[in-house]
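Chain by chain, the residues run as shown.
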Amino acid sequence: MQSRDESPSPKQAEDSGPESLEVAPLHKISPTRGLLALCLLTVCWLVVMGSAATSYQSGQSHLRIIDAHGGLIGVIAQQGQQRMVNLVLGVAARELAKGELKALTVPKKYKKLLKLRSDGSPSGKKRAMQVYLLKRLTRGRLNRVNYDARVPMAKFDELVAGAGVKAYPMNIYTVEIPGADHTRLVAVTDQKRRRLALVPVHGSPVSVLP
Amino acid sequence: MDIAVVAISLLLGWAALWPGRRHLGTPAYHLLAYPIGVLAWGLVSALTTATGMDFSAMTVAIGVALFLGLVCGAQRGLSSGVGPAPTSRSFLVTGLVIVGAAVAVVLMGTTISGWDSIIHYEIPGLNLLEAGSYSKDMMGEWAPLLPSLHAANRLFGSDWTYVPYPLFAGHALALFGYAMYRFSLAHLGPRPRLLLSITATLSLAVLPAFVLHSLNVHSQMVSALYLLLALVALRASCQDSSARGAWALIAGLAAAGLALSRPDGLAYVFVPGLVAAALVVSERWSRTEIARFVVGHLGLLAASYLAAFGQLGLWESRKLKGEQAALMLGASVVLALALFALPRVRPLMSLPSKRRVMVGLLITAAALVVAAVALLEPAGCRKAGTNMVTNLFVTGGYGHLWWGVAAGSVVTLLFPRMLRSSDFSDLLLLALIQFFAIAFTVHSLAFPGRLHPADSFNRVAFHSLPVFAWYLTAFAGTAVAAVLRAREPAPQRADL
């Protein structure tokens, strides 16, 4: 690429000026028409902003932002979009990365499915288990996830260990919290039932979607 | 380690754009560094796929060197002395702001993930890191750029890849604000210019859809960023002919980023491609300037897809089959050849209103393609069209957002003279028409979609939102200028 091609010729430069300004001159626009256009645009802008404000305020249509550790950060409103928030996969990914998974094994069918290398190393197992659990979690898609910060984690542990725990599937459990606004959560544990992640679920039990 | 991939991408962007830093100007140079640097990961995975090497520190070093060689090489021969070089303080401030923002994201730990986040990006990234090679699913359903970014993130010792995504959103907002202030509202006085730029940027930032895609680990925000970046670069190329070459390259690289972020990106890449075609004619781009755009556009794209064809052959897929990818890549090559050929079409180049003619021709071509698709696939068109419109206005979870956007667009068409006075509005309108024509074609022929917020087109429509915001803000700026002119003393008005 040669620099001599870079600068336009004087003729080109002369042509490109007016060409690049191929716009109608401003002074031909009447201020009244400008004001009318501005008013109409403002109405459209208010519709958009009003819609956003309504969405943020609406309890029916909201999207909860949850941090990587499962805490509720805030509520964004977006009708219907809450189904996209299967948040907890992020939680699980981070929790599982803490190295508590050496004792776990991965079913062969998942190894085959995921085409993971089965080198037997702790890190390999950890990664394989992580993927396995993530896939398990996404199979049991978690709709309308919520988190009640008023319920302490110790209480969660107690519930997981208590009679309210129902096995779902293998090492993922649903738990009922009597009296809480959001009465169900999912606990991801290792095979010794040590908690790796707790995932509160609002409303219905965990649904299994394809 | 969560911020490593962001910091390294920023450094790569700075290095890649170093030869053109004076042409881009200090604010744009820093603003472009991170999104351009991210593209390097696409070339690393293309290298590992093509050679069968592991995705390791060594292949990252080689891939990065190739990326820097490609981008810096494409800037060879840029004329010198266009503007001042960025100061060391500007590097310090930019680094602190961007890395600081990444640290803030880590401290907040905020992320949104869904099925696609895990299955389309995180696990393929993990597999790419382990196997070093693209898979059929990756090329057919998810495209290689984001899995490559996830693989790099894991290589640097991090786990869940979430920090880069809010950074994409921050860059999209900053780029939008920059385009408004620098170009589209430049005819206003300092105060209304600043006020309107900030209002428009904040309005975009607070939209629920924008907040969602800022945190959601998916391709939406990155695609929106690269589409916006390509169009901003094309607008900037009109500003100063001596900097046109540098901006043409940026536009090409951003187009490649758009194409590599999603499988249907290979189709949407024609949006900036056709706007570039209009500018090649109207602004009389030189062969070198066209070459810079083409190298940026096709260099990374060809590397990724040729590596995939070499490794996987012509893959089968529900979304993008190998044959279709080859066809789209061929169409991109044809577009590139057309860009070189257009300046030789003497009847076109001798017209007094070349830009208007080009815009008219390209809109007519889009209308003909849509009409042909409607004739060939009437059932698919009906289903796709119904799903697209119903989702945007009723079932897609946008509230009244698209009602306001559509009404605002109709308002602009009611005032044609004002629209013609608005900066870049003809080409933004062309871009939006092409975008929806491509969307309609893709979804009618291949993927009619469903009535749901997570429908593919319903999410893809988000990519056009910053462009709509730009188009409407530029128009609003013209209306404000017309109103303010009435308040000025008569002699000054005569000067205008």
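Anyway, here's the lowdown on the structure attached to this text. Given the structure is predicted, the values throughout are model-derived calculations rather than measurements.

Moving on to the overall build of chain A. The helix and strand inventory of chain A stands at 6 helices and 6 strands. What you see in chain A, going N to C, is helices and strands ordered as α-α-β-β-α-α-α-α-β-β-β-β. Of the contacts made within chain A by residues no fewer than 6 positions apart, 47% connect residues no fewer than 24 positions apart. Total accessible area on chain A stands at roughly 10,700 Å², and carbon and sulfur atoms take up 56% of it.

What follows deals with the environment of B:Arg420. Note on placement: B:Arg420 falls in helix H22 (residues 416–421). For the pair B:Arg420 and B:Thr478, spaced 58 residues apart in the sequence, the C-alpha separation amounts to 9.6 Å.

Turning our eyes to something else, we now look at helix H11 (residues 208–215) of chain B. Counted residue by residue, H11(B) has 7 buried out of 8 residues, so it is predominantly covered. For H11(B), every residue scored as buried is listed here: B:Pro208, B:Ala209, B:Phe210, B:Leu212, B:His213, B:Ser214 and B:Leu215.

Another point: the environment of B:Lys321. Residues and elements named next belong to chain B. Mapped onto the elements of the fold, Lys 321 is located in the loop between helix H16 (287–312) and helix H17 (322–341). Taking the C-alpha atoms as reference points, Lys 321 and Met 53, 268 residues apart in sequence, are found 25 Å from one another. If we ignore the near neighbours within four places in the chain, the residues touching Lys 321 are Trp 315 and Glu 316.

Given two aromatic rings, their pairing is described by the distance between the two centres and the angle made by the two planes. All names here are of chain B. All chains considered together, the criterion is met by 21 aromatic pairs over all chains. Both rings, one in Tyr 268 and one in Phe 435, keep their centres 5.0 Å apart while their planes meet at 35 degrees; by these two values the pair is tilted. With Tyr 268 in helix H14 (residues 265–268) and Phe 435 in helix H23 (residues 425–445), this residue pair connects regions lying 167 residues apart in the sequence. One exposure class covers both Tyr 268 and Phe 435, and it is buried. A ring pair is formed by Tyr 398 and Trp 402, whose centres lie 5.9 Å apart and whose planes are at 90 degrees; its orientation type is edge-to-face. Its relative accessible area of 6% is what places Tyr 398 among the buried residues. Note on Trp 402: relative accessible area 4%, which makes it buried. Of the aromatic side chains, those joined through ring pairs into one cluster are Tyr 268, Tyr 398, Trp 402, Phe 435, Phe 436, Phe 457 and Phe 468. Over the ring of Trp 18 we find Arg 21; its NZ or CZ atom is 3.8 Å from the centre of that ring. Against the face of Tyr 181 rests Arg 193, its NZ or CZ located 4.0 Å from the ring centre.

One can expect most non-glycine residues to show negative phi and most peptide bonds to be in trans. Residue and element names in this part refer to chain B. Of note in the backbone geometry, Ala 143 takes a positive phi value of approximately 70 degrees without being a glycine. Along the polypeptide, Ala 143 turns up in the loop between helix H7 (136–142) and helix H8 (145–155). The phi torsion at Arg 284 lies on the positive side, around 55 degrees, for a residue other than glycine. Tracing the backbone shows Arg 284 in the loop between helix H15 (270–282) and H16.

On to the pattern of salt bridges. Residues and elements named next belong to chain B. Throughout the structure, instances matching the rule amount to 6 salt bridges over all chains. For Asp 426, the salt bridge goes to Arg 355, with nearest N and O atoms at 2.8 Å. Pair noted here: Asp 426 is in helix H23 and Arg 355 is in helix H19 (residues 354–376), with a separation of 71 residues, a long-range link. What emerges from the salt-bridge pattern is a single network uniting Glu 283, Arg 355 and Asp 426.

Together, A:Leu36, A:Leu40, B:Val410 and B:Leu414 line one region of the surface with nonpolar side chains, adding up to about 340 Å² of accessible area. As for its placement among the helices and strands, A:Leu36 is situated in helix H2 (residues 31–57).

Residue and element names in this part refer to chain B. Within the secondary structure, Ser 148 is located in helix H8. For Ser 148, a relative accessible area of 0% gives the class buried. Excluding residues that lie within four positions of it along the chain, Ser 148 makes contacts with Trp 41, Gly 42, Ser 45, Phe 55 and Leu 128.

This next bit is on a positive patch on the surface. A cluster of basic side chains, namely A:Lys28, A:Arg33, B:Arg356, B:Arg417 and B:Arg420, defines a positive patch on the protein surface. Mapped onto the elements, A:Arg33 comes out in helix H2. Look at A:Arg33 and you get partly exposed, because its relative accessible area is 42%.

Conventions we followed
Residues numbered from 1 in each chain as written. Chains lettered and ligands numbered in written order. Predicted model: local features only at pLDDT ≥ 70, side-chain atom pairs only at ≥ 80, totals over all residues. Heavy atoms only, no water. Helix = DSSP H or I, 4+ residues; strand = E, 2+ residues; numbered from the N terminus. Contact = heavy atoms within 4.5 Å. Areas by Shrake-Rupley, 256 points an atom, 1.4 Å probe, with all protein chains shown as cover. Buried < 20%, exposed > 50% of the residue type's maximum accessible area, 1.4 Å probe, protein only. Phe/Tyr/Trp six-rings, centres within 6.5 Å; stacked < 30°, edge-to-face > 60°. Lys NZ or Arg CZ within 6 Å of the ring centre and 35° of its normal. Salt bridge = Lys/Arg side-chain N within 4 Å of Asp/Glu carboxyl O. Patch = residues over 30% accessible without salt bridge, like charges linked within 9 Å, V, L, I, M, F, W, Y side chains within 5 Å. Lys, Arg positive; Asp, Glu negative; His and termini not counted. Charge placed at Lys NZ, Arg CZ, Asp CG, Glu CD.

Interpretation in functional terms is not warranted from these geometric data alone.
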